[in-house]
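# Reading the structure
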Amino acid sequence: MKNKLKALWLFAKITAKNDPLYIPVIILNALAPAAATMINVFVPMIFINQITDPRPAVDFIKIVILLVVGKIFLESLEKLLNREEFVRRQGINDYLTFELAKKAMDLTYQNIENPHTLDLKEKANAAINMGAIHNLLSCLKDIITSVATIIGTALVIISFSPYLVAFSIFISLLIIFVNGKEAAYTSKFDLEIVNVNRRFSYYFSLMASPHYQKEIRVFDLGPLMKSKTKGYLDEMMAGFEDKFAYEANMGSLKTFLESILRLISYTYVAMRTLSASYGPQISFGSFSAIIAANENFMTAFQTMFSELAAFIMSLVNLEPLYDFYILDSDKEENLKEAGEFESLEFINVSFTYPGSDRKIIDDISFKINKGEKISIVGVNNAGKTTIVKLLLRFFDIDAGEILYNGVNIKNISKASLYEKMSGVFQDFSIMPFTIKENIIGNMDYDEENVSEILKELDLDERVRALENGLDTYLNKDIYENATDLSLGQKQKLAIARAIYHKPEFIILDEPTASLDPLAEAQVYEHFNEMTKDKTAIFISHRMSSTKFTDKILLLDDGKIAAYDSHNNLMKYKNKYSDLYKAQAKYFV
């Protein structure tokens, strides 16, 4: 319950920050129906009394006019507030989605790659996009309406018979208990169905995704894809059938209890109307008012508790939003600034990915000095890319130290570290921006520098051929006049982005993986020119790349198998020379 209240408080703060008038609008919109209900209670009584015990026509007309004006005012106010609430609710949903996206960008990289974080984000998104927030606010509105109605109708009924109020409360509590059981079942079902729906939606999207169609057709994966999708669909449908059957049973029980309440209350009020034997006799008009008040009291009392239970249950859907929001952010304070690069040193570094029991990096030590060009090579899963993630502090190491100019990188701010370092990642991303924006990011535009880089990477002619040149967008899903680049061209663009930021230390993780042999040879040819006056790490599983660097760091199963120059390592039999010769024989 504590986390539910924290989630509610977080939601209230976010809502108040975005729209301070939203909650007052909900309160007013809740009170208007309660006032209209009280008018409806007394309208029949006024007309019946006028028939059985007429008052002066002028007085009666004044009362009727007052009632009509009141009803018109309340109905108009309710329509206005409903429209206002709808507009503001949409704004709150959009704002919460935006806050969620901002939080995702602020998370530590370790959190981003954690499956638990992805699950939290999915559930938080579901709370916003699948109506959980709307349900929560709807419950709040109904609770306020119910409380106001209970107060008004209770005053009417108590003046007639406190026992009738007590009996209505007793039966209503039984109905509330049934509602609570039903709400608990529904809430549990909604939470459990999220994971099934996520898997169904994922497989369903794959069936229509152009990205997978070649493999689906060539390897006849269609039947398997359909089988998995249908399996999750059947699981959801079976769950919904059980849910609807349970709700039908609970509905029948509630109808039975309501019938008992009406039978007894109607009988008692009718006996008081026809005779003074069971208490002071009342008029037919009072009979109408008391019956109407009792009906509304019973409905409002049940609604209040059922909506309160639903409100509490709805808070469960807010918990993932709260849990996601309090995840560790990638914010740092009082850390040192990274100075001009002089050296980088790994000292007895070990690392295991969260949730894994395999050491990816196992007690490795090496040093890179200013101006050196280092190749990191090894077979797949040797730990090459992991070194980049540790160096850029996407993850913190388990043991040892990583020193930048002799200072532990944990004590250096990441922002200043990224000013000195840049990289082309193995799983690089090109943003849905213009070509120019993808290259310069938030830096000032240097036309001459951009032109030189594009020329070095043989992208200049491709860009000039575009109608909008550097201002051409790269995502056709968003922009009609966008263009598509080949995967190799996108990789070159990623290299251009890294070079433009003029880092002192540049990391190239499989920078030629998506390039054809000629383009790859061109990158190798210009490697020293591109990394001139820079320290560089070049990661590749292709041993031919090592001839362009000063030293080779060979990783084998998370350990350093060799660290020396290409010429020295080729002088004797070792793991590096074996791998180099094994690859070289296919090109001679």
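### So, the pairing of strand β4 (residues 399–404)
The side chains of a regular strand alternate between the sheet's two faces. Both strand β1 (residues 343–352) and β4 contribute to a ladder of 5 bridges, which runs antiparallel. Counterpart to Glu345 in the pairing with β4 is Leu403. Across 2 bridges, the pairing between β4 and strand β5 (residues 407–408) is antiparallel. Each residue of the ladder has a partner; that of Leu403, found in β5, is Asn408. Remark: 2 residues form the turn of the hairpin made by β4 and β5, two consecutive strands paired antiparallel; Asn405 in that turn has positive phi of roughly 55°.

### What about a negative patch on the surface?
Judged by side-chain charge, Asp446, Glu447, Glu448 and Glu452 come together as a negatively charged surface patch. Topologically, Asp446 is positioned in the loop between α13 (435–440) and α14 (447–456). The partly exposed category is assigned to Asp446, whose relative accessible area is 32%.

### Re the pairing of strand β2 (residues 359–369)
Both β1 and β2 contribute to a ladder of 7 bridges, which runs antiparallel. Looking at β2, one finds that Phe346 is bridged to Phe366. Joining the antiparallel neighbours β1 and β2 is a turn of 6 residues, in which Gly355 adopts a positive phi near 85°.

### Here we look at the sheet that holds β1
With antiparallel pairing, 4 strands are arranged side by side in an open sheet as β2-β1-β4-β5. A single partner strand is all that each edge strand has here, and the edge strands are β2 and β5.

What counts, and where the lines are drawn
Counting from 1, residues in each chain are numbered in the order their sequence is written. For a predicted model such as this one, the threshold for reporting local features is a pLDDT of at least 70, and the threshold for listing and counting side-chain atom pairs is 80 or more; totals across whole chains, interfaces and linings nevertheless cover every residue. Hydrogens are left out, water is left out, and the side-chain values use all remaining heavy atoms of the structure. Only strands joined by at least two bridges in the DSSP assignment are considered to pair. A run of H or I in DSSP becomes a helix once it reaches four residues, and a run of E becomes a strand once it reaches two; helices and strands are each numbered from the N terminus. What makes a patch is a set of residues exposed beyond 30% relative accessible area and free of salt bridges, joined within 9 Å when like-charged and within 5 Å when nonpolar (Val, Leu, Ile, Met, Phe, Trp, Tyr). For every accessible area listed, the method is Shrake-Rupley and the probe measures 1.4 Å; residues are considered covered only by the protein chains on display. Salt bridges are defined by distance alone: a side-chain nitrogen of Lys or Arg within 4 Å of a carboxyl oxygen of Asp or Glu. Asp and Glu count as negative and Lys and Arg as positive, but His and the ends of the chain are not part of the count. In plain terms, the charge of a residue is placed at NZ if it is Lys, CZ if Arg, CG if Asp and CD if Glu. Burial classification: accessible surface area is computed with a 1.4 Å probe over protein chains only, and a residue below 20% of its type maximum counts as buried, one above 50% as exposed, and the rest as partly exposed.

Geometric values such as these leave the question of function open.
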